[in-house]
Structure formats: C-alpha cells, structure tokens
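So you can see what is in the structure, the chains are spelled out below.
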Amino acid sequence: MNTAVIGEDGLARCPWGLSAPAYVAYHDEEWGRPVRDDQGLYERLCLEAFQSGLSWLTILRKREGFRAAFAGFEMEKVAAFDEHDVERLMADAAIVRNRAKIDAAIGNARAALEVPGGLAELIWKYADPDAPVPESMDDVPPSTPASKALSKELKRHGFRFVGPTTAYALMQACGLVDDHLAACHRRGAYL
C-alpha cells in the first residue's frame with residue numbers, strides 16, 4: 001500500500017503508520033511534530049544515525065534503552081563519556097551495539113555543544129515548510145537539496161553519521177518538512 005490507509009479508528013494515516021502497533025502512536029503523536037530544543041534534536045539525530053541500515057521499528061523498540069544508556073541524551077553528559085562508557089555501551093543489549101555509531105553519538109554531543117547559537121538554530125535554518133505535498137509514498141524523496149545542505153553543514157561542524165538521507169529523516173521526524181501524505185489525518189497538524 002502506497003497511499004493513505006484507513007485504520008480501525010476510521011482515521012487515514014500514512015501506510016507505514018499502521019504497519020506495526022508501535023508505529024500508530026509514533027505516527028500520530030510525534031513524527032512531524034516540531035522539535036525546537038537542542039536536546040530533543042540531539043536525541044533524534046542520534047536515533048536517526050543508529051537507525052541507518054536498520055528498521056526504525058528496531059530503534060523505537062529500543063528507545064528507552066537508548067535514553068538510559070545515553071544519560072537521557074543530555075549533551076553535556078554524553079560529551080563527557082570516555083572509553084569506559086564506550087565499553088559499557090558496547091555491552092548494553094538494550095541499544096544497537098555499533099562502535100562507529102556509539103562513537104558518533106558521543107562526538108556529535110561534543111560537536112553540538114560547540115555550534116554557535118545552538119543545534120536548534122543551525123538545524124531549523126533548513127526547514128522547508130513549502131515542500132510539495134506527497135500524495136503517495138512514491139512522492140516522498142530519500143533526500144532533498146535542503147537535506148543535502150543540512151548534512152554538509154552538520155559535517156562542517158564535526159558531526160558524523162549525518163548523510164543527506166539521515167538529515168532528511170531528521171527533518172521529517174522533527175517537523176522541518178511535513179511529509180504526512182495529503183490524505184493523512186496528521187497532514188498540516190503542526191503548522
């Protein structure tokens with residue numbers, strides 16, 4: 001199914017929003033809602049990076065484990081992580097145990113703390129409220145010129161695991177672009 005789907009509650013949703021029970025609440029209550037604080041954006045950036053190559057459902061199911069393992073995504077605390085913390089994280093089955101992604105999450109906390117004006121100010125410069133309204137999932141691109149520019153800017157500041165596709169997933173999840181399908185009941189809900 002590529003177009004909006006009617007759920008048991010009679011509401012139309014993006015098809016992925018009904019593909020697993022855990023997705024319904026995420027789709028309806030979180031995905032696409034603007035996140036404008038540094039900590040919230042840092043958490044989402046980390047989770048999107050950990051998702052790279054995996055299912056988002058895997059990350060959703062491990063989200064509380066990630067929050068516990070990464071000190072609630074408090075950037076100052078994560079930035080202070082050392083090799084002992086990396087070893088602890090590599091042994092933690094509640095998260096995705098990928099050394100490169102763990103190192104990136106720690107490095108990205110350090111980079112975020114150095115961004116002039118803060119992470120939210122940097123990321124929200126790339127918001128695209130006038131993006132085309134997708135009718136079907138075929139209309140949703142994997143990246144855009146804005147996500148490519150955001151990726152480049154994040155990398156310039158020392159961030160890792162922030163390619164254009166990851167940057168676009170962040171933009172979608174955090175409300176910088178509204179990629180809810182035209183018929184989805186959440187389309188335009190956060191504008």
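Residues numbered from 1 in each chain as written. Predicted model: local features only at pLDDT ≥ 70, side-chain atom pairs only at ≥ 80, totals over all residues. Heavy atoms only, no water.

Time to look at the side chain of Asp28. Topologically, Asp28 is positioned in helix H1 (residues 21–29). Contacts of Asp28, omitting those with residues within four sequence positions, involve Arg13, His185, Arg186 and Tyr190. (Helix = DSSP H or I, 4+ residues; strand = E, 2+ residues; numbered from the N terminus. Contact = heavy atoms within 4.5 Å.)

A pair of packed helices is characterised by two quantities: the angle between their axes and the separation of those axes. The N-to-C vectors of helix H2 (residues 38–51) and helix H9 (residues 164–173) enclose an angle of 135°; their axes lie 9 Å apart at closest approach. For the element pair H2 / H9, the angle class is oblique. Between H2 and H9 lies a crossing of right-handed hand. Taking contact as the criterion, the partners of Leu41, Arg44, Leu45, Glu48 and Ala49 in H2 are, on H9, Thr166, Ala169, Leu170 and Ala173. Along the lines of polarity and charge, the residues of the contact of H2 with H9 split into six nonpolar, one polar and two charged. (Axes fitted to C-alpha atoms, helices over the stretch in contact; angles between N-to-C directions. Parallel < 35°, antiparallel > 145°, perpendicular 65-115°, else oblique. Left-handed = near helix turned anticlockwise from the far one by under 90°. Nonpolar A, V, L, I, M, F, W, Y, C, P; charged D, E, K, R; others polar.)

Below, the discussion takes up the nonpolar core. In terms of nonpolar packing, the biggest core is built from 59 residues, with Tyr42, Phe66, Phe70 and Phe159 touching the most fellow members. If we ignore the near neighbours within four places in the chain, the residues touching Tyr42 are Phe73, Met75, Val78, Ala105, Ile106, Asn108, Ala109 and Leu119. (Core = buried A, V, L, I, M, F, W, Y, C linked by side-chain atoms within 4.5 Å. Buried < 20%, exposed > 50% of the residue type's maximum accessible area, 1.4 Å probe, protein only.)

Moving on, we come to the packing of aromatic side chains. All told, the structure shown has ten aromatic pairs when counted by the stated rule. Relative to Trp31, the ring of Trp16 lies with its centre 5.0 Å away and its plane at 80°, an arrangement referred to as edge-to-face. Placement of Trp16 in the loop between strand E2 (12–13) and H1 and of Trp31 in the loop between H1 and H2 is noted, with a sequence separation of 15 residues between them. The pair Trp16 / Trp31 is uniform in exposure class, with both members buried. On the numbers, 6.4 Å between centres and 25° between planes, the contact of Phe66 with Phe70 is stacked. No difference in accessibility class separates Phe66 from Phe70, as the two residues are buried. Following the ring pairs from residue to residue traces out a cluster consisting of Tyr42, Phe50, Phe66, Phe70, Phe73 and Phe81. Between the NZ or CZ atom of Arg36 and the centre of the ring of Trp124, over which it lies, the distance is 3.8 Å. A cation sits over an aromatic face here: Arg88 above Phe81, 5.2 Å from the ring centre. (Phe/Tyr/Trp six-rings, centres within 6.5 Å; stacked < 30°, edge-to-face > 60°. Lys NZ or Arg CZ within 6 Å of the ring centre and 35° of its normal.)

The next subject is the UniProt feature "binding site: Zn(2+)" (unreviewed entry) in the chain. Taking the numbering used here, the UniProt-annotated feature "binding site: Zn(2+)" (unreviewed entry) corresponds to Cys14, His27, His180 and Cys184. On the basis of their most widely separated C-alpha atoms, the annotated residues across 171 residues gather in one place, lying no more than 10.2 Å apart. Looking at the element boundaries, His27 is found in helix H1. Relative to the helices and strands, His180 is located in the segment after H9. A relative accessible area of 1% places His180 in the buried class. Excluding residues that lie within four positions of it along the chain, His180 makes contacts with Cys14, His27, Trp31, Gly32, Pro134, Arg186 and Arg187. (UniProt positions renumbered as here; feature names shortened; annotations may be inferred.)

So, on to H1. Given 3.6 residues per turn, any residue in an α-helix points the same way as the ones three and four places further on. For H1, the set of buried residues is Tyr23, Tyr26, His27 and Asp28. Residues of H1 that are buried in the fold lie against E2, helix H3 (56–69) and H9.

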